[in-house]
Amino acid sequence: MGHNASMSKGIFISFEGIDGAGKSTHIQGLAEAFTQQGRTVTLTREPGGTQLAEALREMLLHQPMDAWSEALLVFAARRDHLVKVIAPALQRGEVVLCDRFTDATHAYQGGGRGLPSQSLDALEQGVQTLDGRGFLEPDLTLWFELPPEVAAQRLTGARLPDRFEAQPLAFFQAVHQGYEQRAQAAPQRIRRIDASASRHQVWQQITRLLVQKGWLSIMVPVPAALQIQSS
Ligand code: TYD
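Rules used in this analysis
- Think of each chain on its own: its residues are numbered from 1, step by step along the sequence as written.
- Only residues with pLDDT of 70 or above have their local features reported here, since the model is predicted, and side-chain atom pairs are shown and tallied only from 80 upward, although totals for entire chains, interfaces and linings are computed over all residues.
- Side-chain numbers here rest on the full set of heavy atoms in the structure, without hydrogens or water.
- Remark: exposure states derive from per-residue accessible area (1.4 Å probe, protein chains only) relative to the maximum for the residue type, with buried under 20%, exposed over 50%, and partly exposed in between.
- Here a strand is any run of E in DSSP of at least two residues, a helix any run of H or I of at least four, and the numbering for each starts at the N terminus.
- Strands are treated as partners if at least two bridges between them are detected by DSSP.
- By salt bridge we mean one thing: a side-chain nitrogen of Lys or Arg within 4 Å of a carboxyl oxygen of Asp or Glu.
- For our purposes a nonpolar core is just a set of buried Ala, Val, Leu, Ile, Met, Phe, Trp, Tyr and Cys residues, chained together by side-chain atoms within 4.5 Å.
- Contacts are residue-level and defined by heavy atoms, with any inter-residue pair within 4.5 Å sufficient.
- Each Phe, Tyr or Trp ring (for Trp, its six-membered ring) is paired with any other whose centre lies within 6.5 Å, and the angle between the two planes then decides the class: stacked below 30 degrees, edge-to-face above 60, tilted in between.

Caption draft 1: Broad picture of the pairing of strand β6 (residues 140-145). With respect to burial, β6 is a largely interior element, five of its six residues being buried. Relative to β6, strand β1 (residues 11-16) is paired through four bridges, and the arrangement is parallel. Within β6, the residue paired with isoleucine 13 across the bridge is leucine 140. Pairing of β6 with strand β7 (residues 190-194), which is carried by five bridges, proceeds in the parallel orientation. Paired with tryptophan 143 across the strands is arginine 192, a residue of β7.

Caption draft 2: Spatial organisation of the pattern of salt bridges. Scanning all chains against the criterion turns up 15 salt bridges. Two residues, aspartate 80 and lysine 84, come together in a salt bridge whose shortest N-O distance is 2.8 Å. Note that aspartate 80 and lysine 84 are positioned in helix α3 (residues 67-91) at a spacing of four residues, about one turn of the helix. Across the pair arginine 192 and glutamate 145 runs a salt bridge whose closest N-O atoms are separated by 3.2 Å. Remark: glutamate 145 occurs in strand β6 and arginine 192 occurs in strand β7; sequence separation between them is 47 residues.

Caption draft 3: Seen up close, the nonpolar core. Residues Ile13, Leu30, Leu97, Tyr108 and Leu142 are the most contacted members of the largest nonpolar core, which totals 43 residues. Residues in contact with isoleucine 13, not counting those within four places in the same chain, are Phe34, Val96, Leu97, Cys98, Leu140, Leu142, Leu210 and Trp215. The next biggest cluster of nonpolar side chains, apart from the first, holds 11 residues, and it includes Ile86, Ala87, Leu90 and Leu130.

Caption draft 4: Here's a closer look at the packing of aromatic side chains. Summed over the entire model, instances satisfying the criterion amount to seven aromatic pairs. Seen in terms of ring centroids, phenylalanine 12 and phenylalanine 101 are 5.1 Å apart; in terms of plane orientation they differ by 80 degrees. Their pairing is edge-to-face. Of the two residues, phenylalanine 12 is situated in strand β1 and phenylalanine 101 in the loop between β3 (95-99) and α4 (102-112); the sequence distance between them amounts to 89 residues. Judged by relative accessible area, phenylalanine 12 falls into the buried class, the value being 0%.

Written out as C-alpha coordinates, the structure is:
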(Lines give C-alpha, C1' and ligand atoms only; values in the text may rest on other atoms or scores of the structure.)
Protein backbone atom coordinates (compact mmCIF):
# COMPACT_ATOMS: atom_id res chain seq x y z
CA MET A 1 0.00 0.00 0.00
CA GLY A 2 1.01 3.61 0.21
CA HIS A 3 2.80 5.71 -2.35
CA ASN A 4 3.20 3.98 -5.66
CA ALA A 5 5.85 1.32 -5.19
CA SER A 6 7.27 1.77 -8.68
CA MET A 7 8.26 5.30 -7.80
CA SER A 8 11.22 5.25 -5.46
CA LYS A 9 12.82 4.41 -2.14
CA GLY A 10 11.31 7.52 -0.68
CA ILE A 11 8.98 7.42 2.31
CA PHE A 12 5.82 9.52 2.48
CA ILE A 13 4.33 10.09 5.95
CA SER A 14 1.38 12.34 6.73
CA PHE A 15 0.20 13.61 10.12
CA GLU A 16 -3.43 14.15 10.98
CA GLY A 17 -5.69 15.10 13.84
CA ILE A 18 -8.08 17.81 14.92
CA ASP A 19 -6.67 21.23 15.74
CA GLY A 20 -4.93 21.12 19.13
CA ALA A 21 -3.89 17.47 18.92
CA GLY A 22 -0.19 18.41 19.14
CA LYS A 23 1.31 17.18 15.87
CA SER A 24 3.82 19.95 15.28
CA THR A 25 6.47 19.17 17.89
CA HIS A 26 6.57 15.54 16.84
CA ILE A 27 6.86 16.32 13.15
CA GLN A 28 9.87 18.53 13.97
CA GLY A 29 11.29 15.77 16.13
CA LEU A 30 10.94 13.19 13.40
CA ALA A 31 12.59 15.47 10.87
CA GLU A 32 15.55 15.68 13.28
CA ALA A 33 15.59 11.92 13.89
CA PHE A 34 15.53 11.00 10.18
CA THR A 35 18.20 13.58 9.41
CA GLN A 36 20.46 12.21 12.16
CA GLN A 37 20.05 8.78 10.66
CA GLY A 38 21.33 10.01 7.34
CA ARG A 39 18.09 10.61 5.41
CA THR A 40 17.21 13.76 3.54
CA VAL A 41 13.91 15.13 4.80
CA THR A 42 11.34 17.29 3.05
CA LEU A 43 9.21 18.86 5.77
CA THR A 44 6.02 20.33 4.42
CA ARG A 45 2.34 20.98 5.11
CA GLU A 46 -1.12 21.14 3.57
CA PRO A 47 -2.66 23.22 2.41
CA GLY A 48 0.68 24.73 1.43
CA GLY A 49 4.18 23.74 0.43
CA THR A 50 4.35 25.76 -2.80
CA GLN A 51 3.84 29.43 -3.56
CA LEU A 52 0.46 28.78 -5.16
CA ALA A 53 -0.67 26.40 -2.41
CA GLU A 54 0.38 28.82 0.35
CA ALA A 55 -1.69 31.56 -1.33
CA LEU A 56 -4.67 29.18 -1.45
CA ARG A 57 -4.09 28.34 2.23
CA GLU A 58 -4.37 32.03 3.17
CA MET A 59 -7.73 32.20 1.40
CA LEU A 60 -8.97 28.96 2.91
CA LEU A 61 -8.12 29.98 6.46
CA HIS A 62 -9.42 33.54 6.32
CA GLN A 63 -11.98 34.18 3.56
CA PRO A 64 -15.61 33.22 4.08
CA MET A 65 -16.63 30.46 1.63
CA ASP A 66 -18.78 27.36 1.50
CA ALA A 67 -17.77 23.71 1.76
CA TRP A 68 -17.38 23.07 -1.97
CA SER A 69 -15.10 26.04 -2.40
CA GLU A 70 -13.02 24.79 0.51
CA ALA A 71 -12.73 21.32 -1.01
CA LEU A 72 -11.79 22.60 -4.44
CA LEU A 73 -9.17 24.97 -3.03
CA VAL A 74 -7.50 22.28 -0.91
CA PHE A 75 -7.41 19.88 -3.84
CA ALA A 76 -5.98 22.57 -6.15
CA ALA A 77 -3.31 23.26 -3.53
CA ARG A 78 -2.68 19.51 -3.17
CA ARG A 79 -2.17 18.95 -6.88
CA ASP A 80 0.39 21.73 -7.10
CA HIS A 81 2.17 20.46 -3.99
CA LEU A 82 2.25 16.86 -5.22
CA VAL A 83 3.51 17.72 -8.68
CA LYS A 84 6.13 20.28 -7.64
CA VAL A 85 7.34 19.08 -4.24
CA ILE A 86 6.18 15.69 -2.96
CA ALA A 87 6.57 13.49 -6.05
CA PRO A 88 10.02 14.89 -6.95
CA ALA A 89 11.25 14.44 -3.34
CA LEU A 90 10.05 10.81 -3.28
CA GLN A 91 11.70 10.25 -6.63
CA ARG A 92 14.99 11.44 -5.10
CA GLY A 93 14.50 8.90 -2.30
CA GLU A 94 13.77 11.43 0.43
CA VAL A 95 11.57 11.19 3.49
CA VAL A 96 8.54 13.44 3.05
CA LEU A 97 6.87 14.52 6.29
CA CYS A 98 3.60 16.26 5.51
CA ASP A 99 1.53 18.03 8.17
CA ARG A 100 -1.97 17.00 6.97
CA PHE A 101 -2.97 15.50 3.62
CA THR A 102 -6.15 14.15 2.01
CA ASP A 103 -7.51 12.52 5.16
CA ALA A 104 -7.94 16.08 6.46
CA THR A 105 -10.21 16.87 3.52
CA HIS A 106 -12.35 13.81 4.25
CA ALA A 107 -12.44 14.76 7.94
CA TYR A 108 -12.97 18.54 7.66
CA GLN A 109 -14.88 19.01 4.39
CA GLY A 110 -16.51 15.56 4.56
CA GLY A 111 -17.14 14.95 8.27
CA GLY A 112 -17.14 18.56 9.44
CA ARG A 113 -18.88 20.30 6.54
CA GLY A 114 -20.93 17.34 5.33
CA LEU A 115 -19.73 16.94 1.72
CA PRO A 116 -20.48 13.48 0.26
CA SER A 117 -17.56 11.09 0.46
CA GLN A 118 -18.04 9.81 -3.12
CA SER A 119 -17.35 13.30 -4.45
CA LEU A 120 -14.23 13.65 -2.32
CA ASP A 121 -13.11 10.16 -3.39
CA ALA A 122 -13.46 11.16 -7.05
CA LEU A 123 -11.43 14.34 -6.54
CA GLU A 124 -8.81 12.39 -4.60
CA GLN A 125 -8.45 9.84 -7.41
CA GLY A 126 -7.99 12.47 -10.08
CA VAL A 127 -5.75 14.85 -8.17
CA GLN A 128 -3.42 12.17 -6.81
CA THR A 129 -2.92 10.36 -10.08
CA LEU A 130 0.26 11.54 -11.77
CA ASP A 131 1.07 11.07 -15.44
CA GLY A 132 2.66 7.70 -15.93
CA ARG A 133 3.14 7.08 -12.22
CA GLY A 134 -0.28 6.08 -10.99
CA PHE A 135 -2.01 6.97 -7.75
CA LEU A 136 0.08 8.54 -5.02
CA GLU A 137 -0.81 8.51 -1.32
CA PRO A 138 1.10 8.41 1.98
CA ASP A 139 2.86 5.17 2.94
CA LEU A 140 1.83 5.87 6.51
CA THR A 141 -0.50 8.31 8.21
CA LEU A 142 -0.19 9.03 11.92
CA TRP A 143 -3.54 10.06 13.33
CA PHE A 144 -3.09 12.01 16.57
CA GLU A 145 -6.29 10.97 18.24
CA LEU A 146 -7.55 13.18 21.02
CA PRO A 147 -11.07 13.70 22.40
CA PRO A 148 -12.39 16.92 20.82
CA GLU A 149 -13.16 18.34 24.28
CA VAL A 150 -9.52 18.02 25.29
CA ALA A 151 -8.27 19.49 22.01
CA ALA A 152 -10.59 22.48 22.43
CA GLN A 153 -9.14 23.16 25.89
CA ARG A 154 -5.60 22.98 24.53
CA LEU A 155 -6.45 25.51 21.82
CA THR A 156 -8.06 28.05 24.16
CA GLY A 157 -6.07 31.26 24.19
CA ALA A 158 -3.27 29.79 22.10
CA ARG A 159 -3.51 32.47 19.41
CA LEU A 160 -6.01 34.20 17.16
CA PRO A 161 -8.16 31.37 15.76
CA ASP A 162 -8.51 30.83 11.98
CA ARG A 163 -11.84 29.88 10.32
CA PHE A 164 -11.49 26.27 11.44
CA GLU A 165 -10.13 26.82 14.92
CA ALA A 166 -13.05 29.18 15.56
CA GLN A 167 -15.59 26.41 14.97
CA PRO A 168 -17.74 25.07 17.84
CA LEU A 169 -17.06 21.76 19.56
CA ALA A 170 -19.76 19.98 17.51
CA PHE A 171 -17.76 20.69 14.35
CA PHE A 172 -14.66 19.03 15.79
CA GLN A 173 -16.72 16.08 16.96
CA ALA A 174 -17.86 15.63 13.35
CA VAL A 175 -14.28 16.02 12.09
CA HIS A 176 -13.19 13.40 14.62
CA GLN A 177 -15.87 11.06 13.26
CA GLY A 178 -14.55 11.70 9.78
CA TYR A 179 -11.05 10.63 10.85
CA GLU A 180 -12.51 7.59 12.61
CA GLN A 181 -14.18 6.44 9.39
CA ARG A 182 -11.03 6.95 7.36
CA ALA A 183 -8.97 5.02 9.91
CA GLN A 184 -11.42 2.13 9.84
CA ALA A 185 -11.38 2.03 6.05
CA ALA A 186 -7.56 1.99 5.81
CA PRO A 187 -6.23 0.40 9.03
CA GLN A 188 -2.90 -0.56 7.44
CA ARG A 189 -2.02 2.95 6.35
CA ILE A 190 -3.65 5.04 9.10
CA ARG A 191 -2.23 4.32 12.56
CA ARG A 192 -3.67 5.83 15.70
CA ILE A 193 -1.46 7.65 18.13
CA ASP A 194 -2.95 8.26 21.57
CA ALA A 195 -2.38 12.00 21.70
CA SER A 196 -3.81 12.33 25.21
CA ALA A 197 -0.63 10.76 26.61
CA SER A 198 2.39 12.81 27.74
CA ARG A 199 4.69 14.22 25.05
CA HIS A 200 7.32 11.61 25.74
CA GLN A 201 4.81 8.78 25.56
CA VAL A 202 3.45 10.11 22.29
CA TRP A 203 7.00 10.29 20.94
CA GLN A 204 7.60 6.69 22.02
CA GLN A 205 4.45 5.46 20.29
CA ILE A 206 5.57 7.10 17.06
CA THR A 207 9.17 5.92 17.09
CA ARG A 208 8.18 2.37 18.05
CA LEU A 209 6.00 2.26 14.95
CA LEU A 210 8.69 3.63 12.67
CA VAL A 211 11.27 1.21 14.06
CA GLN A 212 8.82 -1.65 13.42
CA LYS A 213 8.51 -0.47 9.84
CA GLY A 214 12.29 -0.53 9.54
CA TRP A 215 12.39 3.17 8.70
CA LEU A 216 14.23 4.30 11.83
CA SER A 217 16.95 2.39 13.66
CA ILE A 218 16.37 1.37 17.27
CA MET A 219 18.52 4.09 18.76
CA VAL A 220 16.28 7.09 18.24
CA PRO A 221 17.42 9.92 20.50
CA VAL A 222 14.76 12.16 22.01
CA PRO A 223 15.01 15.24 19.80
CA ALA A 224 15.84 18.70 21.09
CA ALA A 225 12.40 19.88 20.05
CA LEU A 226 10.90 17.62 22.73
CA GLN A 227 13.46 18.16 25.46
CA ILE A 228 12.75 21.84 25.97
CA GLN A 229 9.05 21.32 26.60
CA SER A 230 7.54 19.67 29.65
CA SER A 231 5.26 16.58 29.28
P1 TYD B 1 -3.17 23.40 10.48
O2 TYD B 1 -2.57 22.41 9.57
O3 TYD B 1 -3.72 22.91 11.75
O4 TYD B 1 -2.06 24.48 10.68
P5 TYD B 1 -1.79 25.33 11.97
O6 TYD B 1 -1.21 24.33 12.93
O7 TYD B 1 -0.84 26.35 11.45
O8 TYD B 1 -3.13 25.87 12.39
O9 TYD B 1 -4.28 24.33 9.79
C10 TYD B 1 -4.86 24.03 8.62
C11 TYD B 1 -6.34 24.07 8.76
O12 TYD B 1 -6.89 23.72 7.50
C13 TYD B 1 -6.86 23.07 9.78
O14 TYD B 1 -7.80 23.71 10.62
C15 TYD B 1 -7.57 22.05 8.95
C16 TYD B 1 -7.87 22.73 7.65
N17 TYD B 1 -7.83 21.81 6.50
C18 TYD B 1 -9.00 21.48 5.87
O19 TYD B 1 -10.08 21.92 6.27
N20 TYD B 1 -8.97 20.62 4.80
C21 TYD B 1 -7.80 20.08 4.33
O22 TYD B 1 -7.81 19.32 3.36
C23 TYD B 1 -6.59 20.45 4.99
C24 TYD B 1 -5.28 19.90 4.50
C25 TYD B 1 -6.64 21.31 6.07
